[in-house]
Amino acid sequence: EMQDRIDRQAALMKKLQENVDGLKKGAGDNDAARAAAQQEEMDRHFFEAEQMKQNRLRELRHENQAYLLRQMEEKDMRRAEEKELQNIQAMILHRDAEEYNEVERQKLISRRQLLSEHAKDIKKQVAYKLSQSVPVMTEAEIAMNKPLLQLVDRTLPQDG
């Protein structure tokens, strides 16, 4: 009986030991499973963070590209506006030059007309003066005043 009791105790001790070993092994497996779960969770968080980072970088690249395209379009529009302004200024300058040339041409024509009129007036004045200084006498008056005219002809060249 004693031997039975010792055998039962030994069997119970063995069972207890197996249970403790099983619990230790289960706890170890549980720790490993928990560690694996934690590692998996960390990997998932890292992957999600990396994915968010890549998405954000892609979004920033697109925004930057859109900004640069807008700037290029604005620069092209400014260049087009500047070119249009230059064309308008060129047209204005061309018209001004044409108007100036026309005004100068009209001035020249007016001046020529004025000079022509002045020349005509001077010719008239000269003709009038000449007609005033040359006495007009008929043949009979010349014959009557012949001695006096000869005297004038002799004295005028001597004075001059």
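Preceding block: the structure.
Residues numbered from 1 in each chain as written. Predicted model: local features only at pLDDT ≥ 70, side-chain atom pairs only at ≥ 80, totals over all residues. Heavy atoms only, no water.

Our focus in this paragraph is the overall build of the chain. For the chain, the count of helices and strands is 3 helices and 0 strands. Mapped from its N terminus to its C terminus, the chain presents α and β elements in the order α-α-α. In summary, the chain has a C-alpha radius of gyration of 65 Å against a globular reference of 15 Å for 160 residues, an excess of more than 25%. C-alpha atoms of the chain, sized along the principal axes, occupy 210 × 25 × 10 Å. By the burial criterion, 0% of the 160 residues in the chain qualify as buried. Put simply, the chain shows about 15,400 Å² of open surface, and 58% of that area lies on carbon and sulfur atoms. Across the chain, the mean location of the 28 positive side-chain charges is 4 Å away from that of the 31 negative side-chain charges. (Helix = DSSP H or I, 4+ residues; strand = E, 2+ residues; numbered from the N terminus. Rg over C-alpha atoms; globule rule 2.2 N^0.38 Å. Buried < 20%, exposed > 50% of the residue type's maximum accessible area, 1.4 Å probe, protein only. Areas by Shrake-Rupley, 256 points an atom, 1.4 Å probe, with all protein chains shown as cover. Lys, Arg positive; Asp, Glu negative; His and termini not counted. Charge placed at Lys NZ, Arg CZ, Asp CG, Glu CD.)

The subject of this paragraph is the pattern of salt bridges. One pass over the full model with this rule turns up 5 salt bridges. Ionic pairing is found between Glu-48 and Arg-44, a salt bridge with its closest N-O pair at 2.8 Å. Placement of the pair is Glu-48 and Arg-44 together in helix 1 (residues 2–133), with a separation of 4 residues, close to one helical turn. Owing to a relative accessible area of 34%, Glu-48 belongs among the partly exposed residues under this scheme. Using a relative accessible area of 38% as the deciding quantity, one classes Arg-44 as partly exposed. (Salt bridge = Lys/Arg side-chain N within 4 Å of Asp/Glu carboxyl O.)

Right, let's talk about the environment of Met-52 for a bit. Examined against the element boundaries, Met-52 turns out to sit in helix 1. The class of Met-52 is exposed, set by a relative accessible area of 60%. A C-alpha to C-alpha distance of 64 Å links Met-52 and Arg-95, two positions 43 residues apart in sequence.

The grouping of Leu-148, Leu-151, Val-152 and Leu-156 at the surface amounts to a nonpolar patch, some 360 Å² of accessible area in total. Note that Val-152 resides in helix 3 (residues 146–159). (Patch = residues over 30% accessible without salt bridge, like charges linked within 9 Å, V, L, I, M, F, W, Y side chains within 5 Å.)

The quantities given are spatial measurements derived from coordinates; they are silent on function.
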